[in-house]
Amino acid sequence: MRDVCVIGSGAAGAVAAAVLAEAGWDVLVLEQGEHVPPGTHLHDLIPGYETARARDLDGGWTEEGYPWTACCVGGGTRFYAGVSLRLRRVDFDATAHCAAEALPPAWPFGYDDLRPHYDWVERRLGVTSDGGLDPTRPSPPLDLLPPHRPSARGAALVAAGRALGRTPFPMPLAVASAPFAGAPACADLTTCTDFACPSGAKGDVHHRLLAPLADRIEVRTGCKAVRLVEDRPGRVAAVECLDVATGARELVRARHFVVAANAIQSAALLLRSRSAHSPDGLGNGRGVVGRGLCMKVGQNLTAHLDHDLDEIPAPKGGRYVTVAFTDNYLDQHCPSGLGGLVLETGPLDPADIADRRVLRLECLVADQPVAENRVTLDWSTVDAYGLPRLVLDYRPHPLDLKRLDYLRDRATEVLTRAGAARVDPEPMDFSLGSGHLHGTCRMGTDPATSVCDPQGRVHGVVNVRVADGALMPYPGAVNPALTIQALAHRVATLLLHEETAAGTIPE
Ligand SMILES: Cc1cc2nc3c(=O)[nH]c(=O)nc-3n(C[C@H](O)[C@H](O)[C@H](O)COP(=O)(O)OP(=O)(O)OC[C@H]3O[C@@H](n4cnc5c(N)ncnc54)[C@H](O)[C@@H]3O)c2cc1C
């Protein structure tokens with residue numbers, strides 16, 4: 001029997017697997033997707049992904065919901081932009097900024113508890129410094145790698161922001177700015193976002209954790225976890241999994257299970273795990289699994305300048321984000337006093353990449369957790385694997401949309417100052433699924449409003465832990481991967497503590 005079976009090889013699963021394998025545990029990782037070759041574009045994989053039923057922003061239903069970040073070894077990190085921001089202190093208790101009907105947004109611990117876990121992840125991935133310039137960063141940067149130079153577009157945003165009295169800063173990226181851990185510095189070969197890095201400069205979990213530990217971590221690909229099987233109330237003996245190529249099913253036994261399949265798929269797995277002991281799904285005795293789904297509320301703005309950029313943009317796009325603003329993160333003029341993050345986003349359309357008059361900014365605000373926003377299963381219809389269809393029932397809260405309006409105005413000011421003749425808000429589609437998934441197996445001390453305890457263990461189930469963004473009671477407004485990875489490190493480290501009472505965080 002394995003010591004631990006980790007479900008999902010993405011941002012969270014790879015971190016948990018690495019911690020446990022380095023402590024000498026026999027680790028098996030189940031991964032539904034396959035390895036992706038360097039240079040692969042995400043859009044070449046998406047047609048093979050299962051969809052979900054989801055609400056569009058008008059409240060109607062579509063079958064084209066997207067319940068993934070990416071389905072492959074390394075998960076979303078293979079295709080991410082590498083943005084590696086820490087949550088702000090306010091994000092650990094945003095109660096004063098949420099509507100009365102929100103689920104309790106306070107985390108069961110604060111920033112200082114998560115800080116050493118952030119440190120571990122930044123050291124292992126190789127996160128670049130913000131130069132100490134991010135005005136709301138909760139603790140000083142580690143300064144492992146120098147900040148990236150702003151892109152041509154980023155330089156224009158820095159100049160405009162400073163002219164308005166704002167404090168732009170270099171975005172911390174898990175993209176090497178100098179040779180790191182055997183990887184070369186980024187040479188702008190593709191855009192970071194949407195492409196699997198051709199050189200290994202991007203600190204995805206495949207390059208930084210799974211490949212270096214290949215002799216200690218077995219990753220079984222093409223293997224979908226279907227349900228966790230209890231042998232007695234409160235203890236799981238095995239996970240039933242399905243070979244996605246043949247449809248064959250088998251049971252994999254382990255002493256412990258770590259669920260890290262992304263906040264939508266992790267909730268779906270618990271909901272599918274119905275048994276005589278848990279008729280509504282594992283850990284779902286109080287009906288909380290799947291509730292509190294948060295996908296952020298965000299919008300991109302494209303500006304068309306009245307002049308050419310001073311510098312020429314990188315021909316293939318290069319780093320997607322080099323500059324960000326947190327001036328309006330806490331802002332008394334913003335509805336509820338909490339704004340969000342404004343960040344450069346490079347154009348993705350090849351024609352726009354070459355266009356010296358195009359600038360883009362993204363605005364991100366946290367969406368407050370509400371019980372009605374949820375992942376459910378429709379047991380009356382099945383997908384290609386014969387499993388109940390996944391449903392994303394999500395509507396943005398009106399207060400969060402007002403906060404987005406406010407932040408969009410602040411971002412438009414920067415673009416206008418940079419010389420925008422026109423600013424076009426891009427269509428919003430975050431209710432269909434998003435790269436930012438949180439909240440569906442929320443942590444807390446009260447089983448009436450949470451699924452997992454503060455250690456990530458499913459309430460009432462001794463050997464199952466959730467380790468991904470599903471744990472987050474409140475998402476914060478920054479990109480999630482670094483926090484998800486810090487959480488996974490914390491969950492795995494506490495599991496080790498519990499088993500060995502040794503009690504140190506592996507370096
Ligand atoms: C294009 C893009 C750009 C992004 N850029 C950024 C960024 O710059 N910064 C940032 O912070 N975030 C970014 N994100 C989001 C980031 O990738 C995710 O937040 C992060 O990967 C989530 O980690 P996770 O471990 O929860 O899920 P994932 O990384 O998605 O990993 C989950 C894994 O579990 C597997 N899985 C799912 N269900 C099952 C099952 N039943 N059985 C077996 N395996 C299963 C999936 O195939 C997947 O590999 C981006 C995402 C995308 C798609």
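Predicted, not measured: the structure shown is a model, and the values here were computed from it.

About the criteria used
Residues numbered from 1 in each chain as written. Predicted model: local features only at pLDDT ≥ 70, side-chain atom pairs only at ≥ 80, totals over all residues. Heavy atoms only, no water. Near = heavy atom within 4 Å. Polar contact = N/O pair within 3.5 Å; in protein donor to acceptor, adjacent residues only side chain to side chain. Areas by Shrake-Rupley, 256 points an atom, 1.4 Å probe, with all protein chains shown as cover. Helix = DSSP H or I, 4+ residues; strand = E, 2+ residues; numbered from the N terminus. Nonpolar A, V, L, I, M, F, W, Y, C, P; charged D, E, K, R; others polar. Expected span 1.5 Å × (residues − 1). Buried < 20%, exposed > 50% of the residue type's maximum accessible area, 1.4 Å probe, protein only. Contact = heavy atoms within 4.5 Å.

(A) Quick look at the site of the ligand. The environment of the ligand is formed by 38 residues, the closest being Glu31, Thr69, Cys72, Ala225 and Ala481. One of the side-chain N or O atoms of Thr69 is found 2.3 Å from an oxygen atom in the ligand. Between the ligand and Cys72 there is a distance of 2.9 Å, counted from an oxygen atom to a backbone nitrogen or oxygen. Out of a free accessible area of 990 Å², the ligand has 95% covered by protein chains. Secondary structure elements with two or more residues in the shell around the ligand: α1 (11–22), β7 (223–232), α6 (263–272) and α9 (481–500). Looking at the shell around the ligand element by element, the count peaks at three residues for β7. Classifying every residue of the shell around the ligand by side-chain character gives 19 nonpolar, 14 polar and five charged.

(B) Region of the structure containing helix α4 (residues 152–163). Along its 12 residues, α4 runs 17 Å from first to last C-alpha, staying within 8% of the 16 Å computed at 1.5 Å per residue. Along α4, the residues classified as buried are Ala152, Arg153, Gly154, Leu157, Val158, Ala160 and Gly161. At its buried positions, α4 is contacted by β11 (323–325), β12 (340–344), α7 (350–354), β13 (358–365) and α8 (398–417). Gly165 lies just past α4 and shows a positive phi near 85°.

(C) Quick look at unusual backbone geometry. Of note, Ala181 is a non-glycine position whose phi angle comes to about 50°, a positive value. Residue classification places Ala181 among the exposed residues on the basis of a relative accessible area of 66%. Its identity is not glycine, yet Asp188 carries a phi of approximately 55°, on the positive side. Tracing the chain through its elements places Asp188 in the loop between β5 (169–170) and α5 (205–210). You can call Asp188 partly exposed: its relative accessible area is 23%.

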